[in-house]
Protein chains: 2
Amino acid sequence: MTETVQDSRHRLIEAMADLLWERGYAATSPRDVMSAAGVGQGSLYHHFSGKHELAVEAMRANVATAMADNPEPTGDGPALVDIEDRLLRPRPGTRGCRVGRMTQDPKVVEDPEMLGIVSDAFDTMTARWRRLVTAAVQQGELPDDLDAQQLADTLSAVIQGGYVLSRARGSQEPMDSAVHGMVALLQAASTHQARPDGPVAPDIHPQDIHPHEEQS
Amino acid sequence: MTETVQDSRHRLIEAMADLLWERGYAATSPRDVMSAAGVGQGSLYHHFSGKHELAVEAMRANVATAMADNPEPTGDGPALVDIEDRLLRPRPGTRGCRVGRMTQDPKVVEDPEMLGIVSDAFDTMTARWRRLVTAAVQQGELPDDLDAQQLADTLSAVIQGGYVLSRARGSQEPMDSAVHGMVALLQAASTHQARPDGPVAPDIHPQDIHPHEEQS
DNA sequence: GTCTATACATAGATAGAC
DNA sequence: GTCTATCTATGTATAGAC
């Protein structure tokens, strides 16, 4: 709006977003945020009603970042390859997931507004997985008796669980191991045992294709 | 040791164990624990040096509970069935995992003693999964090019991620969906497409069978 | 808009009576 | 062994100067 575009406000949101990721909501104090943002007491309570309102803004920012890191698939190319690429995308195991982390904070889960942000984010992410699974089934790359919603939840869970394992061991290794195990299992389940290259003819019944129903 | 066997001490550990599960370490205050245990200030600091020492004891108790809920497999019967049974065991999705929950608490992860307890627990759990996978491969129920350690991490991750999804949505459903998706994928990957009943002859190379190397 | 000063509750632990 | 004060530091927010 103004010329300087409320620099302190942005700094506070960025700082809170990082601290939410690193320590969670309950363990982050207003003082921590102001210190990290390099602003005084007054700025926080001028721009926000308090810690809660600032955290809501910061949580939305973290969700936006997570979304951008795992965007809606383009849909050209074989879907199974898209699934594998998505699984193998680099992820900072020991730092944890910006969004999934929030689910362990009782203060977040008890708050409808904050929980809603997290819940919607997972709905969106799972929907992206589900469309990829549906496409892979339609392209004949996965057995057609697989339930797309279930497998989408499984794929989301592998990622989220990978973060938990990596934090428990203080190492990136379990995250990488878990996603590679999932890739191997998908390939084992694939009806096309070892497709060398080239696209696949969508030779199976084109039934359940719902390309856009993000969120709920 | 004594006759009354330190009732307050046990009550404190039980109360702390529940609160660690429900709220985590950082968000649980000594007062909360004493109140839940129904004891006064003095008891806690008589039996323990402070919150940290009590939490360590309580964390060990939670690990023991989690272990007992998912015991070392017996090893008779088809391993793939054991894997599926273990996946489908009832789990309180919205409450989260007593052990995995700890990994999101920076205070826990930064503390070598507490992190060690959690880390060892995951090592043990993953080792149980790994032996089941190895057995299933040997019995010819899963393709022998699967990496047992990787798939074990995947299985652990599905459980831990299921908890995260269930807490995000405030519903048991995603946990159940995720594990069912994993079961379906395992069946799709199974080299025995639909074995009606009866045991399986272990007709494949009996090579890599390491029955006992719990922990590290 | 941003700062410093202040206020009040809670976290975590200690002191000392019984 | 267990209790009730008590203590210091921090969390969270307000007041008011600039």
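Rules used throughout
Residues numbered from 1 in each chain as written. Chains lettered and ligands numbered in written order. Predicted model: local features only at pLDDT ≥ 70, side-chain atom pairs only at ≥ 80, totals over all residues. Heavy atoms only, no water. Salt bridge = Lys/Arg side-chain N within 4 Å of Asp/Glu carboxyl O. Helix = DSSP H or I, 4+ residues; strand = E, 2+ residues; numbered from the N terminus. Buried < 20%, exposed > 50% of the residue type's maximum accessible area, 1.4 Å probe, protein only. Expected span 1.5 Å × (residues − 1). Contact = heavy atoms within 4.5 Å. pLDDT = per-residue confidence, 0-100. Near = heavy atom within 4 Å. Polar contact = N/O pair within 3.5 Å; in protein donor to acceptor, adjacent residues only side chain to side chain. Nonpolar A, V, L, I, M, F, W, Y, C, P; charged D, E, K, R; others polar. Least-squares fit on C-alpha atoms with pLDDT ≥ 70 in both. Axes fitted to C-alpha atoms, helices over the stretch in contact; angles between N-to-C directions. Parallel < 35°, antiparallel > 145°, perpendicular 65-115°, else oblique. Left-handed = near helix turned anticlockwise from the far one by under 90°. Lys, Arg positive; Asp, Glu negative; His and termini not counted. Buried area = accessible area lost by both parts, 1.4 Å probe. Core = buried A, V, L, I, M, F, W, Y, C linked by side-chain atoms within 4.5 Å. Patch = residues over 30% accessible without salt bridge, like charges linked within 9 Å, V, L, I, M, F, W, Y side chains within 5 Å. Areas by Shrake-Rupley, 256 points an atom, 1.4 Å probe, with all protein chains shown as cover. Charge placed at Lys NZ, Arg CZ, Asp CG, Glu CD.

Draft legend 1. Representation of the pattern of salt bridges. Scanning the model with the defined rule gives twelve salt bridges over all chains in all. Here Glu72 of chain A and Arg131 of chain A are joined by a salt bridge, their closest N and O atoms 3.0 Å apart. Here Arg131 of chain A lies in helix 7 (residues 112–138) and Glu72 of chain A lies in the loop between helix 4 (51–69) and helix 5 (79–88), a separation of 59 residues in the sequence. Of the charged contacts in the structure, one is a salt bridge between Asp123 of chain B and Arg169 of chain A, with a shortest N-O distance of 2.8 Å. Of this pair, Asp123 of chain B sits in helix 7 (residues 112–138) while Arg169 of chain A sits in helix 8 (residues 148–169), placing the two residues on different chains. On the accessibility criterion, Asp123 of chain B (15% relative accessible area) is buried. Here the salt bridges do not stand alone but share partners, grouping Glu72, Arg128 and Arg131 of chain A into one network.

Draft legend 2. Expanded view of helix 9 (residues 173–189) of chain A. The terminal C-alpha atoms of helix 9 of chain A lie 24 Å apart, and with 17 residues this matches the ideal 24 Å at 1.5 Å per residue to within 8%. Most of helix 9 of chain A is tucked away, with twelve of its 17 residues classed as buried. Looking at helix 9 of chain A, one finds that the buried residues are Pro174, Met175, Ser177, Ala178, Val179, Gly181, Met182, Val183, Leu185, Leu186, Ala188 and Ala189 of chain A. Contact partners of the buried residues in helix 9 of chain A: helix 5 and helix 8 of chain A together with helix 8 (148–169) and helix 9 (173–189) of chain B.

Draft legend 3. Local environment of the confidence of the model for chain A. Residue and element names in this part refer to chain A. On average, chain A scores 89 in pLDDT, and the residues at 70 or more come to 85%. Throughout residues 192–208 the model reports pLDDT below 50, and contacts reaching past four residues in sequence, or to other chains, amount to 21 contacts. Taken as a whole, residues 211–216 scores under 50 in pLDDT and shows ten contacts with residues more than four places along the chain or in a different chain.

Draft legend 4. Structural detail: the protein's contact with DNA strand C. In the vicinity of DNA strand C there are 15 residues, among which Gly40, Gly42 and His47 of chain A together with Gln41 and Lys51 of chain B approach most closely. Among all atoms of DNA strand C positioned within 4 Å of the protein, those belonging to sugar or phosphate total 51%. Here a phosphate oxygen of DNA strand C sits 2.9 Å away from a polar atom, N or O, in the side chain of Ser8 of chain A. Within the side chain of Lys51 of chain B, an N or O atom sits 2.8 Å from a phosphate oxygen of DNA strand C. Broken down by secondary-structure element, the contributors of at least two residues to the surface near DNA strand C are helix 3 (41–47) of chain A together with helix 2 (30–37) and helix 3 (41–47) of chain B. Of the residues forming the surface near DNA strand C, the biggest block, five residues, is contributed by helix 3 of chain A. Classifying every residue of the surface near DNA strand C by side-chain character gives three nonpolar, ten polar and two charged.

Draft legend 5. Molecular detail of the relation of the copies chain B and chain A. It takes a turn of 180 degrees to lay chain B on chain A, together with a shift of 0.0 Å along the axis; the resulting RMSD is 0.0 Å. Seen this way, the second copy is the image of the first under a two-fold rotation axis. Both copies present the same face, since 100% of the interface residues in chain B are matched by interface residues at the equivalent positions in chain A.

Draft legend 6. Looking closely at the packing of helix 7 of chain A against helix 8 of chain B. For the pair helix 7 of chain A and helix 8 of chain B, the least separation of the axes is 8 Å and the interaxial angle reads 125 degrees. One finds that helix 7 of chain A runs oblique with respect to helix 8 of chain B. Classified by chirality, the crossing of helix 8 of chain B by helix 7 of chain A is left-handed. When helix 7 of chain A is examined against helix 8 of chain B, the residues Leu115, Val118, Ser119, Phe122 and Asp123 of chain A are found in contact with a partner set consisting of Val164, Leu165, Arg167, Ala168 and Arg169 of chain B. Here the residues of the contact of helix 7 of chain A with helix 8 of chain B sort into six nonpolar, one polar and three charged.

Draft legend 7. Geometry of the side chain of Asp153 of chain B. Turning to its location among the elements, Asp153 of chain B is positioned in helix 8. This buried residue, Asp153 of chain B, is left without a salt bridge; Arg169 of chain A holds the nearest opposite charge, at 7.0 Å. At 2.6 Å, the side chain of Asp153 of chain B and the side chain of Ser177 of chain A are in polar contact. Beyond its immediate stretch of four places on either side in the chain, Asp153 of chain B contacts Leu165, Pro174, Ser177 and Ala178 of chain A together with Thr126 of chain B.

Draft legend 8. Layout of the interface of chain B and chain A. Opposite the 42 residues of chain B that make contact, chain A presents 42 residues. Together, the buried faces of chain B and chain A total about 3600 Å²; carbon and sulfur atoms form 68% of this surface. The tally of links from chain B across to chain A stands at twelve residue pairs in polar contact (both at pLDDT 80 or more). Those elements that provide at least two residues to the side of chain B that touches chain A are helix 1 (7–23), helix 6 (106–109), helix 7, helix 8 and helix 9 of chain B. The greatest single-element share of the side of chain B that touches chain A, amounting to 16 residues, is contributed by helix 8 of chain B. A per-class count over the side of chain B that touches chain A returns 21 nonpolar, 14 polar and seven charged.

Draft legend 9. Structural view of the nonpolar core. Ranked by internal contacts, the top residues of the largest apolar core, which has 127 residues, are Ile83, Leu87 and Leu186 of chain A together with Ile83, Leu87 and Leu186 of chain B. Among the elements that make up this core, the one with the highest residue count is helix 7 of chain B (twelve residues). When neighbours within four sequence positions are excluded, Leu186 of chain B is seen to be in contact with Leu185 of chain A together with Leu80, Ile83, Leu87, Leu142, Leu151 and Leu155 of chain B.

Draft legend 10. Fine view of a negative patch on the surface. Residues Glu14, Asp18 and Glu22 of chain A together with Glu110 of chain B make up a contiguous surface patch of negative charge. Looking at the secondary structure, you find Glu22 of chain A in helix 1 (residues 7–23). With relative accessibility at 49%, the residue Glu22 of chain A sits in the partly exposed group.

Draft legend 11. The arrangement of the protein's contact with DNA strand D in detail. Close to DNA strand D lie 16 residues, the nearest being Arg31 and Gln41 of chain A together with Gly40, Gly42 and His47 of chain B. Within the contact set of DNA strand D, a base nitrogen lies 2.5 Å away from a side-chain nitrogen or oxygen of Arg31 of chain A. One of the side-chain nitrogen or oxygen atoms of Gln41 of chain B is found 3.4 Å away from a base nitrogen of DNA strand D. When contributions to the surface near DNA strand D are tallied by element, the ones reaching two or more residues are helix 2 (30–37) and helix 3 of chain A together with helix 3 of chain B. Looking at which element gives the most residues to the surface near DNA strand D, the answer is helix 3 of chain B, with five residues.

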